[in-house]
Amino acid sequence: MNMSLRAWAAALFVVSTASVATSASAAEYQIQPTTIAEYLRLQGLVESTNSATVSAQVSGRVEKVLVDVGDNVPAGATILTITSVEQYQMLTQAQAQVAAAQATLVAEQQEFDRITSLVERELVPVAERDRAKARLDNAKAQLRSARAAVERAQEQLSYTEVKAPYGGIVSERLVEPGELVQPGTPLLSGFDPSELRLHVDLPARYAQAATTYQWARVNGLEPTSQQVFPTVHSQSSTVRMRLVLPQDSGLMPGQWQPVIVKVGEHQGVQVPTAAIYHQGELTMVRMQDKSWRAVRLGLSQNGQVEVVSGLKAGEVISYE
């Protein structure tokens, strides 16, 4: 009974494998030695190169929030306004001080010119001119100080209109109209989707190889540049690698993406993936003489799969 079962299984195997390649248009492939790349497969986190949270620079109440989450905002656009009554008052006061300082300067200049004329005619002592000169210099200094106060007030007033530091997408809205804010209060967050990068942590032993080969892919995308950081994380014994993504990547900050990093090469043999057949737990290729041979496979890439054992250079296989 056992012999008949083995004979039946053998017959089934022959019939099943024979039915795999019945096409008359079978291709032949001669095994050649080749250089096979070694890759490290990891996961990396996408982030924006330009991302920031805009904070208030003056105190006041939020007057208007002009954008919302998901809005695409151009650089320099006003995204939020804060009540500006106090800042207007400061600017008006500073401008009044400038006007007063200018009037004082005009008066002191006229007095200096008058006394200078009297000194030249020897009608008053030179000391009077020196005192007039000191008052004139003081008036000029007061005018410079007043003008600087106007610039500071104008700057404070400009802070009541919060502008986008760069073009991008609003990712978070942190305040609403009517809320009281102080300098440093977070208002809105955003990022530039055109400049994305990905960080991935490599085992430290692969850092030098990754630097040497300079080859990586992010979910099939080729980064525009890559950099391996020069320090090792003390707890995880990993080295961070930064990959700058192309502008048309279609990815978003916060996404985890599969990353492949080239870390080595070795000599071996490969066959087309289409030449591999599976029968139960066996992995096989069909030889040129129509016989079948079990093989052990390695990494599959670019339509080719490495044969770790079972084939050698110079042999020829046949497949559909």
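The protein chain goes by Efflux transporter periplasmic adaptor subunit in an unreviewed UniProt entry, where it is assigned to Pseudidiomarina tainanensis.

Scanning the protein chain from N- to C-terminus turns up 4 helices and 21 strands. Computed over its C-alpha atoms, the radius of gyration of the protein chain comes to 39 Å, more than 25% above the 20 Å expected for a compact globule of 320 residues. Dimensions of the protein chain, computed from the C-alpha atoms along their principal axes, are close to 140 × 45 × 45 Å. Every one of the 320 residues in the protein chain was classed for burial, and the buried ones make up 34%. Look at the contacts in the protein chain between residues 6 or more apart in sequence, and 75% of them connect residues 24 or more apart. Just so you have it, the protein chain exposes about 18700 Å², and 51% of that area is on carbon and sulfur atoms. When the 27 positive and 32 negative side-chain charges of the protein chain are each reduced to one mean point, those points stand 4 Å apart.

The pairing of strand β15 (residues 256-272) with strand β20 (residues 304-309) spans 3 bridges and is antiparallel. Bridged to Val271 within β20 is Val305. Bridge count for strand β19 (residues 296-301) against β20 is 4 bridges, and the pairing is antiparallel. Counterpart to Leu297 in the pairing with β20 is Val307. A loop of 2 residues connects β19 with β20, the two strands running antiparallel in sequence, and Asn302 in this loop sits at a positive phi of about 55°.

Turning next to the packing of helix α2 (residues 85-120) against helix α3 (residues 126-158). Where α2 meets α3, the axes come as close as 8 Å, and the angle between the chain directions of the two elements is 165°. With respect to α3, the axis of α2 lies roughly antiparallel. Between α2 and α3 lies a crossing whose hand is left-handed. Here the contact of α2 with α3 is composed, by residue class, of 20 nonpolar, 10 polar and 8 charged.

The pairing of strands in a sheet happens through backbone hydrogen bonds and is either parallel or antiparallel. As summarised here, the arrangement of the 4 strands in space is β3-β10-β8-β5, forming an open sheet in which the pairing is antiparallel. In this open sheet, the two strands that pair with only one neighbour each are β3 (51-55) and β5 (72-73).

Before going further, it helps to spend a moment on unusual backbone geometry. Positive phi outside glycine occurs at Lys290, with the angle close to 75°. We classify Lys290 as partly exposed; its relative accessible area is 47%. Positive phi outside glycine occurs at Asn302, with the angle close to 55°. As for its placement among the helices and strands, Asn302 is situated in the loop between β19 and β20.

On to the pattern of salt bridges. Inspection of the entire model under this criterion finds 12 salt bridges. The closest approach of N and O atoms between Glu47 and Arg197, which form a salt bridge, is 2.7 Å. Note that Glu47 is positioned in strand β2 (residues 33-48) and Arg197 in strand β11 (residues 196-203), a separation of 150 residues in sequence. Assessed through its relative accessible area of 18%, Arg197 is described here as buried. With its nearest N and O atoms 2.7 Å apart, the salt bridge here joins Lys262 to Glu265.

A sheet is described by the order of its strands in space; here 4 strands give the open sequence β7-β6-β4-β9, paired in antiparallel fashion. At either end of the open sheet lies a strand with only one pairing partner, and these are β7 (161-163) and β9 (180-181).

For α2, spanning 36 residues, the distance from its first C-alpha to its last is 53 Å, which sits close to the expected 52 Å at 1.5 Å a residue. Of the surrounding secondary structure, the elements contacted by the buried residues of α2 are α3. Of the residues one or two after α2, Glu122 is the one with positive phi, at around 60°.

Now for the packing of aromatic side chains. Within this structure, the stated rule accounts for 2 aromatic pairs. Note on Tyr39 and Trp215: the rings are 5.0 Å apart at their centroids and 45° apart in plane angle, and the pair reads as tilted. Of the two residues, Tyr39 is situated in strand β2 and Trp215 in the loop between α4 (207-213) and β12 (216-218); the sequence distance between them amounts to 176 residues. Taking the relative accessible area as the measure of exposure, Tyr39 reaches 23% and is therefore partly exposed. On the basis of relative accessible area, Trp215 is assigned to the partly exposed category, the value being 26%. With a centroid separation of 5.3 Å and 80° between ring planes, the pair formed by Tyr277 and Trp292 is classed as edge-to-face. Taken together, the residues Tyr277 in strand β16 (residues 277-279) and Trp292 in strand β18 (residues 292-294) connect sequence positions 15 residues apart. The exposure class assigned to Tyr277 is buried, which follows from its relative accessible area of 11%.

The rules behind each value
- Position labels on residues start from 1 in each chain and follow its written sequence.
- Per-residue local features are limited, in this predicted model, to residues with pLDDT of at least 70; the limit for side-chain atom pairs, both in listing and counting, is 80 or more; totals at the level of whole chains, interfaces and linings are taken over all residues.
- Values shown for side chains rest on all heavy atoms present in the structure; no hydrogens or waters enter the calculation.
- Strands here are runs of E lasting at least two residues and helices are runs of H or I lasting at least four, both read from the DSSP assignment and numbered beginning at the N terminus.
- Atoms counted for the radius of gyration: C-alpha only. Globule rule: 2.2 Å times the number of residues to the power 0.38.
- The buried label applies to any residue whose accessible area, calculated with a 1.4 Å probe on protein chains only, is under 20% of its type's maximum; exposed applies above 50%, and partly exposed to all values in between.
- In this description, contact between two residues means that some pair of their heavy atoms is separated by no more than 4.5 Å.
- Surface accessibility follows the Shrake-Rupley procedure with a 1.4 Å probe radius. Residue values consider only the protein chains on display as shielding.
- When charges are counted, Lys and Arg are positive and Asp and Glu negative, with His and the chain ends excluded.
- All charge positions are set by atom: Lys at NZ, Arg at CZ, Asp at CG, Glu at CD.
- In this analysis, strands are considered paired if DSSP registers two or more bridges between them.
- Comment: axis = line fitted to C-alpha atoms, over the contacting stretch for helices; angle = value between 0 and 180 degrees taken between N-to-C directions.
- Just so you know how the angles are binned, under 35 degrees is roughly parallel, over 145 roughly antiparallel, 65 to 115 roughly perpendicular, and the rest oblique.
- The sense of a crossing depends on the near helix, which, turned anticlockwise from the far helix by less than a right angle, makes the crossing left-handed and, turned clockwise, makes it right-handed.
- Three categories are distinguished: nonpolar for Ala, Val, Leu, Ile, Met, Phe, Trp, Tyr, Cys and Pro, charged for Asp, Glu, Lys and Arg, and polar for the others, with Gly belonging to the last.
- When a carboxyl oxygen of Asp or Glu lies within 4 Å of a side-chain nitrogen of Lys or Arg, that pair is called a salt bridge.
- The span you would expect from a helix comes to 1.5 Å times its residue count less one.
- Stacked, tilted and edge-to-face are the three classes applied to pairs of Phe, Tyr and Trp rings, where Trp contributes its six-membered ring and a pair requires centres within 6.5 Å; stacked means planes under 30 degrees apart, edge-to-face means over 60, and tilted covers the rest.

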